[in-house]
Amino acid sequence: MTSFLDNIAVIGQNTQLALAGCTLFGGVAGAVGTFVLARRRALLADVAGHASLPGVCVAFLIGESLGIGGRTPWLLLAGAAISALLAAWCVPLLARLRGIGPDGAVAITLSFFFGLGTVLLSSVQSHASGSQGGLRSLLFGSAAATNRGDIIALATLAFAALMVLIALFKEFSALAFDEQHAQSLGLPVRTLDLVLMVLLVATVVSGMQVAGIVLVVALLVTPAAAARAFRGSIARVTAIGAFIGALSAAIGVILSLRFEELPTGSAMTLAATAIFFVTLLLPGRMMRGALT
Amino acid sequence: MSAAPLELRGFSAGYSASEMPVADATFSLARGTMTALVGPNGAGKSTLLKGILRLTPVHDASSVRFFGEPLDRVRSRVAYLPQRSEIDWTFPACALDVVAMGLYRRLGLFRRVGRAARDEALAALALVGLEDTASKSIGELSGGQRQRVLVARALVQRADIVLLDEPFANVDEVTEQAIASVLQKLRGEGTTILAVHHDLGTVRSIFEDAILFNIRVLAHGPSRATLADTSVARAYGIVLEQEHAGRTS
């Protein structure tokens, strides 16, 4: 353990910034995840992750052609957000077609956007800066491949998402617990649902470079699922989800820096899942006949 | 004279495949009355309540008036209690969180639940006999306790009319008595109450008025007279005939 910490101290300021940024992202993902789970949007988070790939690639190509550089952090985040939102919009549309259903719509959308993204990725990698600058590690995430600008961009986006979550915490709670009652109170449930969707996409996109577009869903779902083992108020359970998310992200970054071949997203996912398994041992977790 | 707390004129709703239809309902409720909405399964009672509150599409929104006004102008005076079974009780919240939700409209967007709101929610929990369960997770509560939490959430809204969907369904005796006495107390304070109710045995003892409903209003008046045998048979008979036809076809 000491050697890990020594390692970080030696690596220096940029790594500490990456660790701080990733931890913030993990915390926000764990908190947003509470509502993503409650609104049954876990698979949509997976769609958003995979569907950000074509957006990132197009943004990269635009940046290159404009001469501002393909690796411009804000451009990549914007591209990712646009294609993830587009995919999230496609899912309910497809689900309405006869004989497809929500799961079919998720599968069609996710595979199409991801397939398109991998095709575009091969074009991106023909650019020198695309292959060297970390886009290659986009699938499973890499904290080491990020630069200062990436981390500042991801942390800013995650922080903005956190502020929105705090501002609308009670409205999201009412929506997630009892939509009809929320509607009867006159709360704008459709708008709130839309804002929650944007929040989900913002969180996914902020974490895509470090957690990887394939695995970023794990940070939104697994810590929040682990937090369900704890009881108490909405605020308490959400805070526990945030803590587990932050812890998983931090462990993931530290491990991936220690073992260079280990992708950051994979390490984060395994850390979150390990914590999830530990919470299964907590008393009361197996309520409601989970194993019967 | 002030306008009726709730007035329906030729109200129709229920257009999706999953909903029972409501056709041409006309009735009005006076201030400080307690009315049971009685009818067989599939009579459209829940659709009626949801339609009145615009939670489901209605044919003509102007056919519903609360205190002589459209719903949007008097929302803070109207409280709704959905069926307990339609709510996600695995949601990570404590009883106090749920009761405080009744205050969200009054608190306004972006505002947090402060001490005054918490105290108000605690007082409502005490009224339904659950002061000790404020910090308990809703997942740990019994069915009856959950129902009382929902009633407490409706109480904190301090509404002038409360619409309840099956508040007495599958609850224990303690809960039934607690809810009945809270509703009667509200009525005494001038609140108007309309509740979907299934148990014909307790309608007369809890509710002074009843609406007999099966897709349309069949009878409306004092519960004892309204639930006279012939009219009940008429409401429930339709279902029996349909079931019989379904079995033989």
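Parameters at a glance
- Residues numbered from 1 in each chain as written.
- Chains lettered and ligands numbered in written order.
- Predicted model: local features only at pLDDT ≥ 70, side-chain atom pairs only at ≥ 80, totals over all residues.
- Helix = DSSP H or I, 4+ residues; strand = E, 2+ residues; numbered from the N terminus.
- Buried ≥ 20, exposed ≤ 12 C-beta atoms within 10 Å, placed from the backbone.
- Rg over C-alpha atoms; globule rule 2.2 N^0.38 Å.
- Contact = placed C-beta atoms within 7 Å.
- Pairing = 2+ DSSP bridges.
- Axes fitted to C-alpha atoms, helices over the stretch in contact; angles between N-to-C directions.
- Nonpolar A, V, L, I, M, F, W, Y, C, P; charged D, E, K, R; others polar.
- pLDDT = per-residue confidence, 0-100.
- Parallel < 35°, antiparallel > 145°, perpendicular 65-115°, else oblique.
- Left-handed = near helix turned anticlockwise from the far one by under 90°.
- Core = buried A, V, L, I, M, F, W, Y, C linked by C-beta atoms within 7 Å.
- Expected span 1.5 Å × (residues − 1).
- Bend = angle between axes of the 7 residues up to and from the residue.

A. Inspection of the overall build of chain B at higher detail. The secondary structure content of chain B amounts to nine helices and nine strands. Counting only C-alpha atoms and orienting by the principal axes, one finds that chain B spans roughly 55 × 40 × 35 Å. For chain B, buried positions account for 46% of its 249 residues.

B. Local environment of the overall build of chain A. What chain A contains, in helices and strands, is 13 helices and zero strands. Taken against the 2.2 N^0.38 rule, which gives 19 Å for 292 residues, the C-alpha radius of gyration of chain A at 19 Å falls within 12% of a compact globule. Judged by the C-alpha coordinates and their principal axes, chain A covers about 55 × 50 × 35 Å. With 292 residues in all, chain A has 54% of them scored as buried. Long-range pairs, those at least 24 residues apart, make up 77% of the contacts in chain A between residues at least 6 apart in sequence.

C. Broad picture of the sheet that holds strand 6 (residues 161-165) of chain B. Residues and elements named next belong to chain B. The strand order across the open sheet formed by six strands is 5-6-7-3-8-9, and the pairing between neighbours is mixed. Where the open sheet ends on each side, the last strands, each with one partner, are strand 5 (78-81) and strand 9 (216-222). Taking the axes of each pair of neighbouring strands and ignoring which way they run, one obtains an average angle of 15° across the sheet. Two strands pair when backbone bridges link them, and strand 6 and strand 7 (residues 192-197) are joined in this way by five bridges, in the parallel orientation. Directly across from Asp165, in strand 7, lies its bridge partner Val196.

D. Representation of the interface of chain B and chain A in the model. Listed by partner, the interface residues are 22 residues for chain B and 23 residues for chain A. Considered class by class, the residues forming the side of chain B that touches chain A number 15 nonpolar, two polar and five charged.

E. Inspection of the sheet that holds strand 1 (residues 6-13) of chain B at higher detail. Residue and element names in this part refer to chain B. Read across the sheet, three strands follow the order 2-1-4 without closing on themselves; strand pairing throughout is antiparallel. Edge positions in the sheet fall to strand 2 (22-29) and strand 4 (64-65), since each of these pairs with one other strand and no more. With two bridges joining them, strand 1 and strand 4 adopt antiparallel strand pairing. Bridged to Glu7 within strand 4 is Arg65.

F. Main features of the confidence of the model for chain A. For chain A, per-residue confidence averages 90 on the pLDDT scale, and 90% of positions sit at 70 or higher. Ranking the elements of chain A by mean pLDDT puts helix 1 (residues 2-11) of chain A last, at 52, and helix 11 (residues 216-227) of chain A first, at 97.

G. Focus on the packing of helix 12 (residues 234-258) of chain A against helix 13 (residues 264-280) of chain A. Residues and elements named next belong to chain A. It is the contact of helix 12 with helix 13, at a shortest axis distance of 7 Å, that shows an interaxial angle of 135°. With respect to helix 13, the element helix 12 is oriented oblique. The handedness of the crossing between helix 12 and helix 13 is right-handed. Note on element contacts: helix 13 touches helix 12 through Thr264, Ala267, Met268, Ala271, Ala272 and Ile275, opposite Ile244, Leu247, Ser248, Ala249, Ile251, Gly252, Val253, Leu255 and Ser256. Per-class residue counts for the contact of helix 12 with helix 13 are eleven nonpolar, four polar and no charged.

H. Here's a closer look at the nonpolar core. A:Val32, A:Ala48, A:Ala84 and B:Val99 are the most contacted members of the largest nonpolar core, which has 180 residues in total. With twelve residues, helix 2 (residues 13-38) of chain A is the single largest residue contributor to this core. Setting aside anything within four residues of it in sequence, one finds A:Val32 in contact with A:Ala161, A:Leu165, A:Leu199, A:Leu200, A:Thr203 and A:Leu220.

I. Molecular detail of helix 7 (residues 148-167) of chain A. The end-to-end C-alpha separation of helix 7 of chain A is 28 Å, in line with the 28 Å expected for 20 residues at 1.5 Å each. Of the positions making up helix 7 of chain A, those classed as buried are A:Asp150, A:Ile151, A:Ala153, A:Leu154, A:Ala155, A:Leu157, A:Ala158, A:Ala161, A:Leu162 and A:Leu165.

J. Main features of helix 2 of chain A. Residues and elements named next belong to chain A. With 26 residues, helix 2 ought to run about 38 Å at 1.5 Å a step, and its terminal C-alpha atoms sit 38 Å apart, in line with that. The largest bend in helix 2 comes to about 30°, at Val32. Counting buried positions along helix 2 yields 20 of 26 residues, so the element is predominantly enclosed. A positive phi of about 55° marks Arg40, the residue just after helix 2.

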